[in-house]
Amino acid sequence: MLKLHQMHTFTYLEWVSRVRVNTQAVLKRAQSIQGQKLPKKQWQSAWLLKAVTCIDLTTLSGDDTPSNVHRLCMKAIQPVRHDLLRKMDMHDKGISTAAVCVYPSRVADAVRSLKAANSSIPVASVATGFPAGQTPLESRLQEVRSAVNDGATEIDIVINRMLALTGQWEAMFNEIRLFREACGDAHMKTILAVGELETLSNVYKASMVAMMAGSDFIKTSTGKEAVNATYPVAIVMLRAIRDYFLCTGHKVGFKPAGGIRTAQESLVWLTLIKEELGSEWLHPHLFRLGASSLLADIERQIYHEVTGQYAALHELPMA
Amino acid sequence: MAGPTTETVFNIFRSMDSGPAAPSSAATAQAWLDHHSHSLGFFIDGKFVHLAERRSLSVVDSKGGQVCGVLCAEEADVSHCAASAVSGFKSWSLLSCYQRAKVLLRLVGVLGLHAQCLSELAQLCVTACSPPSLIRLLQFYSSWAQLRDTLLSGWTPLGVVAVVTSDVSSVYSLMLKVLPALAMGNAVIVVPGRSVAPPALLMAQLFSGAGLPAGVLNVLTGSDVTLGVKVAQNPNICYVTYSGSKPDGLALVQASAGMGVPVSVSPCIGATCPFIIFESADINSAVDEVIEAAFKKKSEVHWVLCVQESVCENVVDRLKLRLAGLKCVSLQSEADRSLVDTAVQEAQQQGATLIQSCSAPPSGPLYPPTVLCGAAPASPCVVSPAPGPLLPLMTFRCHKEAVAVGDHSPHGLATSIWTEDLTLALETAKNLSVGSVWVNSHSVVDPCLPVCAHKDGGSCTDGGQEGLYQFLRPSVSSPPIRSSAVPLDYSKFGTEVSPAVIPDPASSPPSYLQFVGGKACKSVSGCSVAVQSPGGGGVLGLCPEGGRKDVRNAVEAALKVQPGWQKKTPSARALSLHALAKGVEAKRQDLATSLHTQTGVSMDEAEKEVELSITRLALWAAYCDKVQGGSLPMPKSGSALSFPEALGVVGVVLPDESPLLSMVTLLGAAIASGNAVVMVPSQKHPLPTIAFIQVNGQLLSRAGQGQGQGRGRVGAGAGQGQGRGRVGAGQGQGRAGAG
């Protein structure tokens, strides 16, 4: 592999388009990750709290209104019951979710709720014709600008799958560059929609192109495709992140999203990141979990660890 | 430092440590050991036999603590056990295929219930054991038990089979021998290595719980190889098969040579396997897998990483990152630690650079996963690897060199190659001289895969249909005759001088020559041996007295021509065999006369043997293009292909009976599949063989085979050749069946 800085972007794109990934080997690796022993006892609690601080607490529904967005923001500020945190001596360690993630039209509501609660939790907005990305470029760019104007400091853009599937990597690179400019100072997370990219090789290529075009994070899926965040896909994306780091020295973050519902799964995700990239990636500025119902399960697990009893759903505050 | 119980959530939250591994429980296994008062007897005739007066050996766990004691079997126990196995064989072989299959299948259920106990016990004894893989073995061989008479008609079980393993082998490799033996209808005496003894005894107990008749599966414990030899000496044993380390295997073969009991060995432990990464590989996957192969799995082999020069830097960068998080690997003992330290120092002195997950702890049986960059085939860490998590890394320039570097070792067990290029993968796999090639994967094992290592990798095919033939003989053949052990002095072997032949001008028998490298020649020593006529009435002729150097010359000649012979098209080989048949046909009268005068059979019978020999040669000619591999039904994803390959140079020691027919049978099988042959005719009846060679000399020199002849001696060298010959014939679906 050639060093990025020695090459013209075009040659590099040329190289990216020839990369191949061995599916069977990746599947085997995914299996071995899932078979690993997970942390127990206080290690489990600590890891679960880490997962909480990496969650982008998300609501992306047609029926979102200011009131349920408000509830979500309040849950983001206090994700785990205060008395449970106190028992672990974690109540004053600033445990909150990493961000709140909403549609562009709800950004203003979320910003207002969080501001009223004196919270600095960032608001993330999906944009660029989420989830399909099949709207004109100009309107996609406009979406990004308006979300940023409304106070979103993180933008989750979706890539144009048409360009990826037809191998127009340079065009995709240019499009993402435009989004990057429109984001301004806001963090940009690029959603690859892996469920629609057909092959793992395409996932690797799309990851590389997205990082080269200036993404702060690469994200697996919108949560709206048939297949979302799976471990094999994640392995390929994490390896791309590692390769990009080896070439440029630049660390890009990773965000799996869609279908992550249980505390157990969140522990597997943390294990995977730790194994592939190391502990320094286990931090909200380099790792996020896109989820809505995951938090409730994590809170139940923590309840069990702290009290030794299983919680009924109604014993824990809803989002 | 904070202990595990006092570590605060906040500290872990910051460090993201994984915490201590949950202590593994061994309660079930301990209960079983308690039940046996931590002293395990032999398993004979369906029950434990505990003799207080026997010496006891202790089995220790990874920390050196005593797990339990096993008894040391003596001569009397061996005969007791063999007698029970003989009666076990009677009842087991009388059952129908369906009934035998049912017993094996029932064990699947029994094993499911007691898997916890078995894996705990194996863990205590520091042996590898995975119940799911044992269940797969049972299912695979229970269906073979069912199908024996359908798919292997004309084959019959051997009788009592001894399975010997060395101290470190896994339960899987033990059962890979035991189960096919049982499935084919044999009774088995297991001589397990010390650490695998307790799990083997438990398995035997579970088997009898599943309804295996008493005496069919017996376990004798003791010091493995010495006891193995004692068992092999018992006249009731029909076949000995061994799995484990190479020195022990060699000792077993030497000690049991000349007793008339076939011994085959699979020295799979301690072999070196190359892990080859080409520039066209998915390098990230390859790096992950080599780490798994070399450091994570409890592996019985040593890996050597070979990387194409153009991507070496990439591989090293990724190895550094991926190794960073790994914990130290526990070694077998303190002694191993000093061996590892020495090996690393030696490598560093020779300029190797280290990639380590962390620096090595000052002492103790722990060592971090370590890659030794800059190793070469001549480095001590490659030639004689230390027992620890060390992975030498070598580079190669081109595809051809990858094969050369990977192949240039005495081990021929397996290789893992990594490339996304299909053509390259297939070509490399074909050119490598190893038993298994894993493409973009490693350590794939399954009973459906026949494994037959090349070079020092043993004399035995295990697994697949091919692996079954070692436990069978053709129904038409008679069981081999046992001879009593002859003490052999290997330092003098092959150099004895035979009694001089006193010239007798009155008779002046004709003298014959041996045939090496296409030429008729005398023996190197110049000595001859007289061939007696059947009644003992007189000397029929003088044969050269072959010795050590004759064998060397013959092997050398055969080695030279074998690759060319193997590369010939199957139809070209078939034509040669047909020509041999034609040659015999043309001289049928001469050959029949030679048989008649040599063995004393009637002319009628001699003519019949010649006739049969002609058909036999035609049969092998027909097989030339019918010996085929194919795809194998792997239960996991991915596909498996098998390609039949010639063994190389095959040593054949001919029996006294039916000298012509037995010769063409073995010769035909070997050369039909592309081998060259070094053949030793029967010492008693060499003349028909010589007559055949005289008839067909011209043809044979083209087919390229050497023939040393004279007094047939069976020793370690020839013994191994013989074993391989048998496997070769097995692959060709036939054996020396004279009749």
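Computed from a predicted structure; not experimentally measured.

**Considerations on the overall build of chain B**
Within chain B, the regular secondary structure consists of 22 helices and 31 strands. Here the C-alpha radius of gyration of chain B, 28 Å, is about what a compact globule of 739 residues would show, namely 27 Å. Overall size of chain B, expressed as C-alpha extent along the three principal axes, is 105 × 60 × 45 Å. Here chain B, with 739 residues, has 52% of them falling under the buried criterion. For chain B, long-range pairs separated by at least 24 residues make up 75% of all intrachain contacts whose partners lie at least 6 apart in sequence. As displayed, chain B has an accessible area near 30900 Å², and 57% of this comes from carbon and sulfur atoms.

**Side note on the environment of glycine 651 of chain B**
Mapped onto the elements, glycine 651 of chain B comes out in strand S30 (residues 649–653). Expressed as a C-alpha distance, the spacing of glycine 651 of chain B and valine 680 of chain B, which sit 29 residues apart in the sequence, is 7.9 Å.

**Points about the environment of alanine 557 of chain B**
Residue and element names in this part refer to chain B. Here alanine 557 lies in helix H16 (residues 548–567). A relative accessible area of 17% places alanine 557 in the buried class. Residues alanine 557 and serine 433, spaced 124 residues apart in sequence, show a C-alpha to C-alpha distance of 20 Å. Look past the residues within four positions of alanine 557 in its chain and what remains in contact with it is Val516 and Gly517.

**Observations concerning the UniProt feature "active site" (unreviewed entry) in chain A**
Residue and element names in this part refer to chain A. Taking the numbering used here, the UniProt-annotated feature "active site" (unreviewed entry) corresponds to Lys219 and Lys255. On the basis of their most widely separated C-alpha atoms, the annotated residues across 37 residues gather in one place, lying no more than 4.4 Å apart. Position of lysine 219 relative to the elements: it lies in strand S6 (residues 217–219). The exposure class assigned to lysine 219 is buried, which follows from its relative accessible area of 3%. Apart from residues lying up to four places away in sequence, lysine 219 is in contact with Asp156, Thr190, Ile191, Leu192, Met237, Lys255 and Ala257. Here the side chain of lysine 219 touches aspartate 156 through a polar contact of 2.8 Å, side chain to side chain. Topologically, lysine 255 is positioned in strand S7 (residues 253–255). Excluding residues that lie within four positions of it along the chain, lysine 255 makes contacts with Asp56, Asp156, Lys189, Phe217, Ile218, Lys219, Thr220, Arg288 and Gly290. A polar contact is formed between the side chain of lysine 255 and the side chain of aspartate 156, at a distance of 2.9 Å.

**Quick look at the pattern of salt bridges**
Scanning all chains against the criterion turns up 41 salt bridges over all chains. With its nearest N and O atoms 2.4 Å apart, the salt bridge here joins glutamate 280 of chain A to lysine 251 of chain A. Of this pair, glutamate 280 of chain A sits in the loop between helix H12 (263–277) and strand S8 (289–291) while lysine 251 of chain A sits in the loop between helix H11 (231–248) and S7, and the two are 29 residues apart along the sequence. Note on glutamate 280 of chain A: relative accessible area 45%, which makes it partly exposed. Overall, the relative accessible area of 34% leaves lysine 251 of chain A in the partly exposed class. Among the charged side chains, a salt-bridge network with shared partners connects Arg29, Arg239, Arg242, Glu275 and Glu276 of chain A together with Asp288 and Arg322 of chain B.

**What to know about the UniProt feature "domain: Aldehyde dehydrogenase" (unreviewed entry) in chain B**
Look at the UniProt record and you will see "domain: Aldehyde dehydrogenase" (unreviewed entry) annotated at residues 62–473 and 529–695 of chain B. End C-alpha atoms of residues 529–695 of chain B are separated by 22 Å, and the span's content is 56% helix alongside 16% strand.

**Some words on a nonpolar patch on the surface**
All names here are of chain B. Taken together, Leu422, Leu426, Leu641 and Phe643 make up a surface patch of nonpolar side chains, about 470 Å² in accessible area. Among the secondary structure elements, leucine 422 is positioned in helix H15 (residues 422–431). Note on leucine 422: relative accessible area 61%, which makes it exposed.

**Comments concerning the pairing of strand S20 (residues 414–418) of chain B**
Residues and elements named next belong to chain B. By the criterion of burial, S20 is predominantly enclosed, with 5 of the 5 residues buried. Of the two faces of S20, the one holding Ala414, Ser416 and Trp418 and the one holding Thr415 and Ile417 are both buried throughout. With 4 bridges connecting them, S20 and strand S21 (residues 436–439) associate as parallel partners. Among the inter-strand pairings, isoleucine 417 is bridged to a residue of S21, identified as valine 439. At this point the chain moves from S20, through H15, to the parallel S21, and the crossover so formed is right-handed.

**Section: the packing of aromatic side chains**
Scanning the entire structure with this criterion turns up 14 aromatic pairs over all chains. Between tyrosine 103 of chain A and phenylalanine 130 of chain A, the aromatic rings sit 5.8 Å apart at their centres with planes inclined by 75 degrees, giving edge-to-face as the arrangement. Taken together, the residues tyrosine 103 of chain A in the loop between strand S2 (99–102) and helix H6 (107–116) and phenylalanine 130 of chain A in the loop between strand S3 (123–127) and helix H7 (137–149) connect sequence positions 27 residues apart. The class of tyrosine 103 of chain A is partly exposed, set by a relative accessible area of 22%. Taking the centre distance of 5.2 Å and the plane angle of 85 degrees together, the rings of phenylalanine 43 of chain B and phenylalanine 48 of chain B count as edge-to-face. Phenylalanine 43 of chain B sits in the buried class, given a relative accessible area of 2%.

**Brief notes about the sheet that holds S7 of chain A**
Residue and element names in this part refer to chain A. Taken together, 8 strands build an open sheet; the order of strands is S7-S6-S5-S4-S3-S2-S1-S8 and the sheet is parallel. In this open sheet, the two edge strands, each paired with only one partner strand, are S7 and S8. Geometrically, the sheet is characterised by an average inter-axis angle of 25 degrees between neighbouring strands, direction not taken into account. As paired elements, strand S1 (residues 55–58) and S2 share 3 bridges and run parallel to each other. Bridging from a neighbouring strand, leucine 57 pairs with valine 100 of S2. Against the sheet, H11 engages S6 and S7, with an angle of about 170 degrees to S7.

**Section: the side chain of asparagine 228 of chain A**
All names here are of chain A. Tracing the chain through its elements places asparagine 228 in the loop between S6 and H11. Classification of asparagine 228 as buried rests on a relative accessible area of 15%. A distance of 3.4 Å separates a polar side-chain atom of asparagine 228 from the backbone nitrogen of glycine 223. Within the structure, the side chain of asparagine 228 is placed 3.2 Å from the backbone oxygen of glutamate 225, a separation counted as a polar contact.

**Quick notes on the interface of chain A and chain B**
Across the boundary between the two partners, chain A contributes 36 residues, which contact 32 residues of chain B. Summing both sides of the interface, chain A and chain B together bury roughly 3100 Å²; the carbon and sulfur share of this comes to 54%. On inspection of chain A and its partner chain B, the count reaches 5 salt bridges. For arginine 239 of chain A, the salt bridge identified is with aspartate 288 of chain B, shortest N-O distance 2.5 Å. Our count for the contact surface shared by chain A and chain B stands at 15 residue pairs in polar contact (both at pLDDT 80 or more).

Quick notes on the rules
Residues numbered from 1 in each chain as written. Chains lettered and ligands numbered in written order. Predicted model: local features only at pLDDT ≥ 70, side-chain atom pairs only at ≥ 80, totals over all residues. Heavy atoms only, no water. Helix = DSSP H or I, 4+ residues; strand = E, 2+ residues; numbered from the N terminus. Rg over C-alpha atoms; globule rule 2.2 N^0.38 Å. Buried < 20%, exposed > 50% of the residue type's maximum accessible area, 1.4 Å probe, protein only. Contact = heavy atoms within 4.5 Å. Areas by Shrake-Rupley, 256 points an atom, 1.4 Å probe, with all protein chains shown as cover. UniProt positions renumbered as here; feature names shortened; annotations may be inferred. Polar contact = N/O pair within 3.5 Å; in protein donor to acceptor, adjacent residues only side chain to side chain. Salt bridge = Lys/Arg side-chain N within 4 Å of Asp/Glu carboxyl O. Patch = residues over 30% accessible without salt bridge, like charges linked within 9 Å, V, L, I, M, F, W, Y side chains within 5 Å. Pairing = 2+ DSSP bridges. Right-handed = clockwise from strand over helix to strand, strands pointing away. Phe/Tyr/Trp six-rings, centres within 6.5 Å; stacked < 30°, edge-to-face > 60°. Axes fitted to C-alpha atoms, helices over the stretch in contact; angles between N-to-C directions. Buried area = accessible area lost by both parts, 1.4 Å probe.

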